[in-house]
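Structure assessment
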Amino acid sequence: MVAAGATLADEVGLANLTMGLLAERVGVRTPSLYKHVGGQEDLNRRIAALALSEAADAVGVAVQGYAGRDALAAAARAFRAFVVDHPGRYAATIGVEPSGPDDPLATASRRLLDAFVAVLRGYEIAEPDVDHALRMLRSLCHGFATLQAANGFQWSADIDESFEWLITFTDRGLRAM
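Description of the structure in this document. What you see as residue numbers is a count from 1 along each chain, following the sequence as written. It should be noted that, the model being predicted, local features are given only for residues of pLDDT at least 70 and side-chain atom pairs only at 80 or more, the latter also being counted only at that level, while totals for whole chains, interfaces and linings use all residues. Only hydrogens and water are set aside; all other atoms, that is, all heavy atoms of the structure, feed into the side-chain values.

In this section: the layout of surface pockets. Points on a 1 Å grid, built from protein atoms alone, make a cavity when a 1.4 Å probe fits but cannot get out and make a pocket when they are open with protein on both sides within 12 Å along at least 5 of 7 lines; residues with an atom within 4 Å of a point are the lining residues. Grid points are joined across faces, edges and corners, and a volume is the space filled by probe spheres set on the points. Counted as a void, the largest pocket has a volume near 570 Å³. Around the largest pocket, the lining comprises 20 residues; the ones closest to its centre are Leu 52, Ser 109, Leu 112, Leu 113 and Arg 138. Each helix is a run of H or I in the DSSP string that is no shorter than four residues. Each strand is a run of E no shorter than two, and both are numbered from the N terminus. Elements with a minimum of two residues in the lining of the largest pocket: α7 (104–120) and α8 (130–149). Per-element accounting of the lining of the largest pocket gives the leading share, seven residues, to α8. When grouped by side-chain class, the residues that make up the lining of the largest pocket number twelve nonpolar, four polar and four charged. Put simply, Ala, Val, Leu, Ile, Met, Phe, Trp, Tyr, Cys and Pro go in the nonpolar bin, Asp, Glu, Lys and Arg in the charged bin, and everything else, Gly too, in the polar bin.

Encoded structure:
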C-alpha cells in the first residue's frame with residue numbers, strides 16, 4: 001500500500017495524494033485502506049520513511065569505494081537523481097519528525113546522514129563543523145534537486161553543467177576548510 005502511495009505521490013504530487021485517490025489506484029474502497037494505514041498522515045509518514053530509506057540506499061551505494069571529490073560527486077548525483085525521479089515521495093520527507101529513536105523515519109534518516117558523513121571524511125572538517133558542513137550539503141543538494149524537479153531552471157544553461165559547477169564549488173569550499 002505504501003509503495004503504491006509513493007508511486008502515486010510521484011505522479012500527482014504529495015499535496016494531491018488522497019486516500020480516495022490511492023484506493024482508486026489499488027482497486028479498493030477507501031475504508032479498506034485503513035486496514036493498512038492509519039489515515040493520510042500515517043500514509044505520508046510511511047512514504048517519508050520509504051523515501052529516506054531509498055535515498056540512503058542510493059547515496060550509500062554511490063559513495064562506496066570513493067573519497068573526497070569523487071565521493072561528493074557520487075553522493076550529490078545520486079541524491080539529485082533520487083529527488084528528480086521521485087519528487088512526491090521526497091516531498092513527504094520535508095518537515096516530518098521521527099516519533100522516537102526506533103521510528104523507521106529516524107533509522108532511515110540516520111542511514112542517509114551517515115552516507116553524507118562518509119563523504120565528509122574525505123575532507124579535513126573539524127568535528128565541531130561537521131554539522132554545519134552536513135547542513136550545507138543538504139541545502140545545496142536539496143535546493144538544486146527540488147528546483148530541477150519543479151522545472152525551476154528555465155534558462156538556456158545546461159542543468160547538468162550547472163550541477164557539476166555546484167559540485168566543484170562545494171569541493172573547493174570543503175577543501176578550504
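Moving on, we come to helix α2 (residues 19–26). Every buried residue of α2 is listed here: Met 19, Leu 22 and Ala 23. The arc that holds the buried residues of α2, viewed along the axis, is 100°, so those residues lie on one side. In this analysis, two residues are considered to be in contact whenever any of their non-hydrogen atoms come within 4.5 Å of each other. Next to the buried residues of α2 lie α1 (2–12), α3 (30–33) and α4 (40–63). Positive backbone phi, approximately 80°, marks Gly 27, located one or two places after α2. A simple rule labels every residue: compare its accessible area, found with a 1.4 Å probe on the protein chains alone, to the largest value its type can have, and call it buried under 20%, exposed over 50%, or partly exposed in between. Comment: arc refers to directions from the helix axis out to C-beta atoms.

Moving on to the pattern of salt bridges. The rule for a salt bridge is simple: a side-chain nitrogen of Lys or Arg has to be within 4 Å of a carboxyl oxygen of Asp or Glu. On inspection of all chains with the given rule, the structure shows nine salt bridges. Two residues, Asp 103 and Arg 45, come together in a salt bridge whose shortest N-O distance is 2.5 Å. Placement of Asp 103 in the loop between α6 (87–91) and α7 and of Arg 45 in helix α4 is noted, with a sequence separation of 58 residues between them. Overall, the relative accessible area of 10% leaves Asp 103 in the buried class. For Arg 45, a relative accessible area of 21% puts it in the partly exposed group. Here Arg 80 makes a salt bridge to Asp 160, at a shortest N to O gap of 2.7 Å. Placement of the pair is Arg 80 in helix α5 (residues 68–85) and Asp 160 in helix α9 (residues 159–176), with a sequence separation of 80 residues. Connected through shared salt-bridge partners, Asp 10, Glu 54 and Arg 89 make up one network.

With that out of the way, let us pick up the side chain of Thr 93. Mapping Thr 93 onto the fold places it in the loop between α6 and α7. Pairs of N or O atoms are called polar contacts if they sit within 3.5 Å, as long as, within protein, a hydrogen donor faces a hydrogen acceptor (for residues adjacent in sequence, only side-chain-to-side-chain pairs). In this structure the side chain of Thr 93 is engaged in a polar contact, spanning 2.6 Å, whose partner is the backbone oxygen of Tyr 90.

Inspection of the secondary structure puts Val 119 in helix α7. With 34 residues separating them along the chain, Val 119 and Phe 153 place their C-alpha atoms 27 Å apart. If we skip the residues at most four places from it in the chain, Val 119 touches Val 63, Ala 71, Leu 72 and Ala 75.

Counting residues in hydrophobic clusters, the biggest one holds 55 residues, and the most contacted among them are Val 59, Phe 79, Leu 112, Phe 116 and Leu 174. Counting only elements with at least two residues in this core, the list comes to α1, α2, α4, α5, α7, α8 and α9. Of the residues forming this core, the biggest block, eleven residues, is contributed by α4. The set of buried Ala, Val, Leu, Ile, Met, Phe, Trp, Tyr and Cys residues whose side-chain atoms join them within 4.5 Å is what this entry labels a nonpolar core.

This next bit is on the environment of Asn 16. Structurally, Asn 16 is set in the loop between α1 and α2. For the pair Asn 16 and Gly 88, spaced 72 residues apart in the sequence, the C-alpha separation amounts to 9.4 Å.

Turning our attention to the packing of aromatic side chains. Classification of ring pairs uses Phe, Tyr and Trp, with its six-membered ring standing for Trp, and accepts pairs whose centres are within 6.5 Å; under 30 degrees between planes counts as stacked, over 60 as edge-to-face, and the remaining range as tilted. Using the criterion set out here, one finds six aromatic pairs in the structure. Seen from their ring centres, Phe 79 and Tyr 90 are 5.6 Å apart, and the 90° between their planes marks the pair as edge-to-face. Of this pair, Phe 79 sits in helix α5 while Tyr 90 sits in helix α6; the two residues are eleven residues apart in sequence, bridging distant segments of the chain. Take Phe 79 and Tyr 90: they sit in the same class, and that class is buried. Ring geometry for Phe 153 versus Trp 155: centroids 5.6 Å apart, planes at 80°, classification edge-to-face. A relative accessible area of 18% places Phe 153 in the buried class. The class for Trp 155 is exposed, based on a relative accessible area of 57%. Charges are assigned to positions over rings by a cutoff of 6 Å between ring centre and Lys NZ or Arg CZ, combined with an angular limit of 35 degrees from the ring normal. Directly above the aromatic system of Phe 163 lies the positively charged group of Arg 80, at a separation of 4.6 Å from the ring centroid.

Worth remembering: the numbers are spatial, not functional.
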